[in-house]
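What the coordinates show
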Amino acid sequence: MKRKKLTYRFHNSNEDRVLTDKLLEVIIEANEERVRQAVEDEILKRQMETNDLNNTKSA
């Protein structure tokens with residue numbers, strides 16, 4: 001069975017800036033956990049790289 005393509009339409013009675021802010025808020029909320037995890041992973045990666053560099057210099 002072929003999947004139906006989703007189409008989104010917004011009726012915008014607000015100013016463009018208000019709509020943009022609301023859409024951004026929804027997108028950020030929906031991806032909050034994924035972004036948090038990506039930031040934590042990057043912090044850990046950089047900490048490990050820094051520790052590796054410090055261990056190499058002291059050897």
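Provided above is the structure to which this section pertains.
Residues numbered from 1 in each chain as written. Predicted model: local features only at pLDDT ≥ 70, side-chain atom pairs only at ≥ 80, totals over all residues. Heavy atoms only, no water.

Focus on the pattern of salt bridges
According to the stated counting rule, one finds four salt bridges in the structure shown. With a closest N to O distance of 2.3 Å, Glu33 and Arg36 form a salt bridge. Here Glu33 and its partner Arg36 are both found in helix H1 (residues 16-58), three residues apart, which amounts to about one turn of the helix. Notably, a salt bridge pairs Arg36 with Glu40, separated by 2.5 Å at the nearest N-O pair. You can see Arg36 and its partner Glu40 sitting in helix H1, four residues apart, about one turn around the helix. When its relative accessible area of 37% is taken as the criterion, Arg36 is described as partly exposed. Look at the salt bridges and you will find they share partners, linking Glu33, Arg36 and Glu40 into a network. (Salt bridge = Lys/Arg side-chain N within 4 Å of Asp/Glu carboxyl O. Helix = DSSP H or I, 4+ residues; strand = E, 2+ residues; numbered from the N terminus. Buried < 20%, exposed > 50% of the residue type's maximum accessible area, 1.4 Å probe, protein only.)

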